[in-house]
Every structure is written in C-alpha cells, then in structure tokens.
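Structural overview
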Amino acid sequence: MPAPLPALQPLNTRKLSDQIVAQLETLLLEGSFRPGDRLPPERQLAEQLGVSRPSLREAIQKLAARGLLLSRQGGGTYVTERLDAGFTQPWQDMLVRHPELQGDVLEFRRMLEGTVARLAAERATEGDRERIGRLYTQMQQAHAGNERDRTSEIDASFHQALADAAHNALFTHLTGSLMNMLKGHVHENIANLFAAGDVSAQLLEQHGRVWAAVQAGDGAAAQAAAEAHIDFIASTLGTMREVAARRERTQRRGAI
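If you're wondering where the values come from, they're calculated on a predicted model, not measured in any experiment.

**Details of the confidence of the model for the protein**
With 78% of its residues at a pLDDT of 70 or more, the protein shows a mean pLDDT of 82. Within the protein, helix 7 (residues 126–144) carries the highest mean pLDDT (96), whereas helix 10 (residues 185–195) carries the lowest (57).

Structure follows, in structure tokens:
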C-alpha cells in the first residue's frame, strides 16, 4: 500500500514576467520608485532581480500598458504620474479658481497628517528616523539662511518622509499627491508663512516637536504635534487673508 502523500504546496506556475510585474508593482506602491523616477538600466535591474533581460522587458511592457511605466526610446524607463494624477487633477486647478477651498484642504491635512505622524512614531525603522532627522536638520539650516524656497521644499519632503515611515501605501501616495497639489496656489501661501520671521520660527519649532515625538516613539504626542501644526497654519493664513482684505478696502476707498 503506497504511503500517504505529505502536505504539498501548489507549484507556482505564473510566468516569470508576471512575477517581475508583481515585484515592481510592490516597489511602486511602497514608494521605492516615485512618479518621475527613472528605473535603473535594464541590465542592472535584471541582475538585481536575478532574471533575464527578455523577461524583464516583457514585464516593463506590461506595466507600460497599464500606464504605470513609460519607456522612452533611447532614454530609459520612467515611473508615470498615474498613481497620483487622479487626486491632483482636477483639484489643483479648482484650488486656483476657488481659494475658499483652502480651509477644506487644511482640514484634510489635519486628519491625514495627524494619523501619519502617529503611525510614523509607532512604526518608523531606524532608517526612517535617520531620514526624518536629516530633513529636519536641513530645514533648520535653510531657516537659518533665510532660504524661503528651499525651506518650503524641505517641508514637503519632511511630511513625505513621515508618510513613508507610516508604512501604509495609501498614506505614501496620498501625501505625495497632496504635496504635489500644494506646489500651486496653496503651496505658495504655505511658503509665504516661512518668509515671516516669527511665524517661520514657530513653524520650525512645530516640526521639531513632531520629529521629537517620532524619535521617542510617542504616537499620541506625534499626532497632537502634527494637528497643532496644521491648526497654526490655518489660523495664520486666516489672519493673513483678513489683513490683505483690509488693505484692499483701504486702497479702494483711496481710489474713490
């Protein structure tokens, strides 16, 4: 009588190119490759994956057909904006035409960034903390040099690093989309906050509180610090709009 068969796992019969697609999609979802990034050269990527170049080429063609990668003749393969574009457009244009939506954006940021900061404090790896700390140091240096544009850019990178440290693919891409959207009309207002001496110093301190809480692994403190940061931005932008409106009224009166 034959011996009973041991418990066997089904053989993986998926095509190699489909396995490569799955691995590359994972890298895209987790943010290892970001929109606009150029993938490593085909030979290097094939060696890293331990696959043949024809199989890699087939996988890239499949991802290109899905709109996730873009191959340029003689210019390499790039990650498209597709994962982020649906969120960014048409909201970016709408915010330019309807500034009153800024309050809605800040309310969304408060919810998103508060949760992101809490999860970053609870889940960040040593590498994540090194990246966030490095960005905060760069923010301090840009602030000391009164580099408004650079400070604003680092601010966006700092928030993206927090989102990545939360280790949630949706938070990574939602934050990336939000930061891209803020490069327009709303981001210009945020950048103006850094140009104001006292306000700039307070914003720097607020980022420092978030970083300290993440470094300490204190999720509740990180969430509270992130939410307080957005509350301060909302309050300060509101005051700036009120002052601008008063100036406009004064100018109109003077013109009559």
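On we go.
**Side note on the pairing of strand 1 (residues 69–72)**
Pairing geometry for strand 1 and strand 2 (residues 76–79), over 4 bridges, is antiparallel. Each bridged residue has a counterpart across the sheet, and for Ser 71 the counterpart in strand 2 is Thr 77. Two successive antiparallel strands, strand 1 and strand 2, enclose a turn made up of 3 residues, where Gly 74 displays a positive phi of approximately 75 degrees.

**A look at the pattern of salt bridges**
Overall, the coordinates contain 12 salt bridges when judged by the stated rule. Where Asp 164 meets Arg 131, a salt bridge forms, and the shortest distance between an N and an O atom there is 2.7 Å. Residue Asp 164 is located in helix 8 (residues 148–165), and its partner Arg 131 is located in helix 7; the two are separated by 33 residues in the primary sequence. Bridged by salt links that share partners, the residues Lys 15, Asp 18, Glu 58 and Lys 62 form one connected network.

**Re the layout of surface pockets**
In this model, the second largest pocket occupies a volume close to 210 Å³. Around the second largest pocket, the lining residues are Arg 38, Leu 39, Pro 40, Pro 41, Glu 42, Leu 45, Arg 57, Ile 60, Gln 61, Ser 71, Gly 76 and Thr 77. For the lining of the second largest pocket, the secondary-structure elements that each account for two or more residues are helix 2 (42–49), helix 3 (53–65) and strand 2. If you tally residues by element for the lining of the second largest pocket, the top one is helix 3, at 3 residues.

**As for the packing of helix 6 (residues 102–123) against helix 9 (residues 169–181)**
Taken N-terminus to C-terminus, the directions of helix 6 and helix 9 make an angle of 140 degrees; their axes are 11 Å apart at the nearest point. Relative to helix 9, the element helix 6 lies oblique. Taken as a pair, helix 6 and helix 9 cross one another with a handedness that is left-handed. Touching Val 105, Phe 108, Arg 109, Leu 112, Glu 113, Thr 115, Val 116 and Leu 119 of helix 6 are Phe 171, Leu 174, Thr 175, Leu 178, Met 179 and Met 181, all from helix 9. Along the lines of polarity and charge, the residues of the contact of helix 6 with helix 9 split into 10 nonpolar, 2 polar and 2 charged.

**Some thoughts on the nonpolar core**
One finds Ile 132, Phe 158, Leu 162, Leu 178, Val 210 and Val 214 to be the most contacted residues of the largest nonpolar core, which totals 34 residues. Of all the secondary structure elements, the ones that give two or more residues to this core are helix 6, helix 7, helix 8, helix 9, helix 11 (197–216) and helix 12 (219–255). Once you skip the residues sitting within four places of it in the chain, Val 210 turns out to touch Ala 117, Phe 158, Leu 162, Ala 225 and Ala 226. In terms of nonpolar packing, the next biggest core, distinct from the first, is built from 16 residues, Val 21, Leu 39, Leu 56 and Leu 69 among them.

**With respect to the environment of Arg 110**
With respect to the secondary-structure elements, Arg 110 resides in helix 6. Spatially, the C-alpha atoms of Arg 110 and Ile 230 are 5.7 Å apart, while their sequence positions differ by 120 residues. The contacts of Arg 110, once residues within four sequence positions are left out, are Glu 227, Ile 230 and Asp 231.

Basis of the calculations
- Residues numbered from 1 in each chain as written.
- Predicted model: local features only at pLDDT ≥ 70, side-chain atom pairs only at ≥ 80, totals over all residues.
- Heavy atoms only, no water.
- pLDDT = per-residue confidence, 0-100.
- Helix = DSSP H or I, 4+ residues; strand = E, 2+ residues; numbered from the N terminus.
- Pairing = 2+ DSSP bridges.
- Salt bridge = Lys/Arg side-chain N within 4 Å of Asp/Glu carboxyl O.
- 1 Å grid on protein atoms, 1.4 Å probe; cavity = no way out; pocket = protein on both sides within 12 Å on 5 of 7 lines; lining within 4 Å.
- Points joined across faces, edges and corners; volume = space filled by probe spheres on them.
- Axes fitted to C-alpha atoms, helices over the stretch in contact; angles between N-to-C directions.
- Parallel < 35°, antiparallel > 145°, perpendicular 65-115°, else oblique.
- Left-handed = near helix turned anticlockwise from the far one by under 90°.
- Contact = heavy atoms within 4.5 Å.
- Nonpolar A, V, L, I, M, F, W, Y, C, P; charged D, E, K, R; others polar.
- Core = buried A, V, L, I, M, F, W, Y, C linked by side-chain atoms within 4.5 Å.
- Buried < 20%, exposed > 50% of the residue type's maximum accessible area, 1.4 Å probe, protein only.

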